[in-house]
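Overview (structure and organization)
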Amino acid sequence: MTYDIDMIKKVYQHLSEHIAAARKLLGRPLTFTEKILYSHLTDSLPKAAYKRGSDYVDFQPDRVGMQDATAQMALLQFMQAGRSKVAVPSTVHCDHLIQADVGAKADLETAITKNKEVYDFLSSVSNKYGIGFWKPGAGIIHQVILENYAFPGGMMIGTDSHTPNAGGLGMVAIGVGGADACDVMAGLPWELKFPELIGVKLTGKLSGWTSPKDVILKVAGILTVKGGTDRILEYFGPGAESISCTGKGTICNMGAEIGATTSIFTYDKKMSDYLKSTGRADLAELADSVAKHLKGDHEAYEDPKKYFDQVIEIDLSTLEPHVNGPYTPDLAWPISKFAQAVKDNGWPQELEVGLIGSCTNSSYEDISRAASLAKFAVEHGLKTKSEYTVTPGSEQVRYTVDRDGYLQWFEKLGGVVLANACGPCIGQWARHTTNPEKKNSILTSFNRNFSKRNDGNPNTHAFVSSPELVTALAIAGDLTFNPLEDSLTNDKGESIKLPEPTGIELPEKGFDVKDRGYQEPAKDGSQVQVLVSPESQRLQLLAPFAAWEGVDLKDLRLLIKVKGKCTTDHISMAGPWLKYRGHLDNISNNMLIGAVNNFNNKTDSVKNEITGEYGSVPAVQRAYKAAHIGTVVVGDENYGEGSSREHAAMEPRFLGVRVILVKSFARIHETNLKKQGMLAVTFADKNDYDKIREDDSIDILGLTTFKPGVQLSMVLHHTDGSSDTIKLNQSYNENQIEWFKAGGALNIIRSQVKA
């Protein structure tokens, strides 16, 4: 048994005890999200309600989940904390380091050989510190969490931005950086800005070509990539109750693309059925017994505008299938308008590759619905005109859909079944192309479609849709094909119209699997040796960052003034760089190489003020570090959006960047920077971005009296002898200021554990 029923009983007991007190505290009914948040406070309920969107609050999550790419750095940090065992149930999942190339079996064998030292490290460190370890091939973290660990009313954090997938099972599940995970595993509180709440009321019922994916594609179009920042989305209403548990997971998963802290559905029969189907009947019975606590109070949904900061209403009966993109997940196109958008914008009409699966859409229901189209196509003389790949979400799903005969139809259609891993979704894709310079289009059922995200190619126009639409358009090989209206021609010259997809939410024979790929940790890990070779190019033990010097920062230089969008992919690319996720020095060679320099409109080209020459961003920064010169990175709006990867914060800290100044931050990245002891600030006047010149010498003033809510100042000394003083906003609270002074949160954790 991988879940702890006794622990969950305690969570439910705590939940029931806190609900009445929270209602009394607030003087009003509660949403489901509030019930979970208030029951997971580390201290007793406050005397006054927290102010949404501004007050920082300490929580105690029930569990931690880590994927292999981010787990390396999280666990290297945890090793410095001084504990013999993790304080809360934790797991590691090997899903990011398997590159998609020729097919599941060969790709997995290659990954196991290629990544042996990383897997050995993760296996040994997990074994030593009481962490459950899921081997490569077991599945994608979020699907495995949903199948084994997620439970209604719980709270978890995970070192991956799509951790909110567990919201499909009624859990507040939040993506964080490795330092946050380290805190919780060390038994310390986890801090979060108390979120605002967006209520999404769903009415009607999905039918035909429309799927759960279309709900979040629609919401992304409404809220944009920033609309969910510092907010939790709570879905409710009769429409919500009609969506399968895994469909709910799809919607919550992709909520990360609108910047949401997390997303959640209230408990219902679909969740209970899923728990039973995945071998957790005792948990379903327990949840059913406290079902009244696992949803918001009735009054909160009767008049949601009184209890939510924003309310969105969607009628599922009239919702169209959507395709979002290219280059951003919030550019939403109903299928009825997409073909014209392709033509009007000059996007490549030919669909070169269709890819289904990933952590977002790889459930039994997803696979069975896409397979219904594949089966029909094969039986009617059709094959895919596009390259076509299928990524199951877990070995349990893969084994079960294979047993039930679905995988064969994808292969007969001309598709390739890939390993149970992230693969192309995160850039782990050996794409087969003869001309990377050619503008081209791909369509996926993944979650993100930033430039170069999937294949590293800026000429690739990536679009996002449901597995059903991806399959249909891959058969057509044409982005302008609308399966709701258009027909195809088969090998006999006959006109064939694809039927509406059909699927099954849960397998009639139940789920099955021969080997789940799980390793139980040692009961006593004191004698277990953690495997890290001092000669390794992929793993490197960490040394603590230096504490703040106690003075204002002066004579800093500008490293780069970033122009436009700068996601964590721009700051610390994935793809081939994933192999260095456990080696801070080596992976720092990708720092900001994808960001556009405002002064020359080039990537990976910045001026070295020591030599006057232009060079690669990491190389120039290493030169500054060697010369003991601190630097500043200046960015635009929503800096650091996208993946939760902590390396995007650790790399500049390691290489000697002192300040990150932007117009606005994405939530996770701002927290990650603070955790590493970095000064993360924003322009009080965004127009001051234009005052920063390439050759400036920069001072940061006010640090000796650093206090919450008090602005800092930046003095720009220009080479013509003039200067500008601009005001900087900062969102540090007392604890975060101590992180800055100590040189990082980990330095404080170590001292507290030793004490």
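Residues numbered from 1 in each chain as written. Predicted model: local features only at pLDDT ≥ 70, side-chain atom pairs only at ≥ 80, totals over all residues. Heavy atoms only, no water.

Side note on the overall build of the chain
Looking only at helices and strands, the chain features 25 helices and 30 strands. In terms of overall size, the chain behaves like a compact globule, its C-alpha atoms giving a radius of gyration of 25 Å where 755 residues would be expected to give roughly 27 Å. For the chain, the C-alpha atoms occupy an extent of roughly 75 × 60 × 55 Å along the three principal directions. Across the 755 residues that make up the chain, the buried fraction comes to 64%. Summarising the internal contacts of the chain: among those between residues at least 6 apart in sequence, 76% fall at separations of at least 24. (Helix = DSSP H or I, 4+ residues; strand = E, 2+ residues; numbered from the N terminus. Rg over C-alpha atoms; globule rule 2.2 N^0.38 Å. Buried < 20%, exposed > 50% of the residue type's maximum accessible area, 1.4 Å probe, protein only. Contact = heavy atoms within 4.5 Å.)

A few points about unusual backbone geometry
Glycine aside, a negative phi is what most residues show, and trans is what most peptide bonds show. Cis geometry marks the peptide bond from Gly325 to Pro326, where omega comes out at 5 degrees. Summarising the element assignment, Pro326 is placed in the loop between strand S12 (322-324) and strand S13 (332-334). Its identity as a non-glycine residue notwithstanding, Lys452 has a phi of 70 degrees, on the positive side. Considering the arrangement of structural elements, one finds Lys452 in the loop between strand S17 (440-444) and strand S18 (460-464). Of note, Leu592 is a non-glycine position whose phi angle comes to about 60 degrees, a positive value. Within the secondary structure layout, Leu592 lies in the loop between helix H20 (584-587) and strand S23 (606-607).

Here's the deal with the sheet that holds strand S3 (residues 90-93)
Sheets are built from strands paired through backbone hydrogen bonds, the pairs being either parallel or antiparallel. With mixed pairing, six strands are arranged side by side in an open sheet as S6-S5-S2-S3-S4-S21. With partners counted over all chains shown, the strands left at the sheet margins are strand S6 (172-175) and strand S21 (518-519), one partner each. Alignment of strand S2 (residues 63-67) against S3, held across four bridges, turns out to be parallel. Each residue of the ladder has a partner; that of Met66, found in S3, is Val92. (Pairing = 2+ DSSP bridges.)

Considerations on helix H1 (residues 5-26)
For H1, which comprises 22 residues, the first-to-last C-alpha distance of 31 Å matches the rise-based estimate of 32 Å (1.5 Å per residue) to within 8%. Bending of H1 peaks at approximately 30 degrees at the position of His18. The set of residues buried in H1 consists of Ile5, Met7, Ile8, Val11, Tyr12, Leu15, His18, Ile19, Ala22 and Leu26. On the buried face of H1, the contacting elements are helix H2 (32-39) and helix H12 (281-289). Between the side-chain oxygen of the N-cap and the backbone nitrogen of Asp6 there are 3.1 Å, and the N-cap of H1 in question is Asp4. (Expected span 1.5 Å × (residues − 1). Bend = angle between axes of the 7 residues up to and from the residue. Polar contact = N/O pair within 3.5 Å; in protein donor to acceptor, adjacent residues only side chain to side chain.)

Here we look at the state of the cysteines
Summed over all chains, the structure comprises zero disulfides. Here Cys182 is not disulfide-linked; the sulfur of Cys94 is the nearest cysteine sulfur, at 19 Å. (Disulfide = S-S within 2.5 Å.)

Some words on the nonpolar core
Counting 135 residues, the largest nonpolar core has Tyr12, Leu75, Leu202 and Tyr235 as its most contacted members. Within the second largest apolar cluster, 49 residues are counted, among which are Ala648, Ala680, Tyr689 and Ile726. (Core = buried A, V, L, I, M, F, W, Y, C linked by side-chain atoms within 4.5 Å.)

Examining the sheet that holds strand S10 (residues 262-265)
One open sheet holds the four strands; their spatial order is S10-S9-S8-S11, and the pairing between them is parallel. Taken across any chain shown, the strands that pair with only one partner, and hence form the sheet edges, are S10 and strand S11 (310-315). Taking each pair of neighbouring strands and ignoring which way they run, the sheet shows an average axis angle of 20 degrees. In this sheet, strand S9 (residues 231-236) lies alongside strand S8 (residues 196-203) in parallel orientation, the contact comprising six bridges. By the bridge assignment, Gly199 is partnered in S9 with Glu234. Helix H8 (residues 212-223) rests against S8, S9 and S11 of the sheet, and its axis sits at about 140 degrees to S11. Its contacts with the sheet place helix H10 (residues 245-253) against S9 and S10, and it is angled at close to 155 degrees to S10. (Axes fitted to C-alpha atoms, helices over the stretch in contact; angles between N-to-C directions.)

Let's talk about the pattern of salt bridges
If you walk through the whole model with that rule in mind, you get 33 salt bridges. Ionic pairing is found between Glu34 and Arg52, a salt bridge with its closest N-O pair at 2.6 Å. Of the two residues, Glu34 sits in helix H2 while Arg52 sits in the loop between H2 and strand S1 (56-59), which places them 18 residues apart along the sequence. The pair formed by Glu34 and Arg52 is uniform in burial state, with each residue classed as buried. The network of salt bridges with shared partners includes Glu350, Glu352, Arg431, Lys438 and Asp455. (Salt bridge = Lys/Arg side-chain N within 4 Å of Asp/Glu carboxyl O.)

Description of the packing of H1 against H12
Two numbers describe how H1 lies on H12: the axes approach to 11 Å, and their chain directions differ by 10 degrees. When the axes of H1 and H12 are compared, the pair comes out roughly parallel. In this structure, H1 uses Ile5, Ile8, Lys9 and Tyr12 to contact H12, whose residues at the interface are Asp282, Leu283, Leu286 and Ala287. Partitioned by chemical class, the residues of the contact of H1 with H12 number six nonpolar, no polar and two charged. (Parallel < 35°, antiparallel > 145°, perpendicular 65-115°, else oblique. Nonpolar A, V, L, I, M, F, W, Y, C, P; charged D, E, K, R; others polar.)

Looking at the packing of aromatic side chains
Applying the stated criterion across every chain, the model contains 23 aromatic pairs. Aromatic ring contacts, followed pair by pair, group Trp333, Phe338, Trp347 and Phe463 into a single cluster. The aromatic ring of Tyr689 is capped on one face by Lys561, whose charged end is 4.5 Å from the ring centroid. (Phe/Tyr/Trp six-rings, centres within 6.5 Å; stacked < 30°, edge-to-face > 60°. Lys NZ or Arg CZ within 6 Å of the ring centre and 35° of its normal.)

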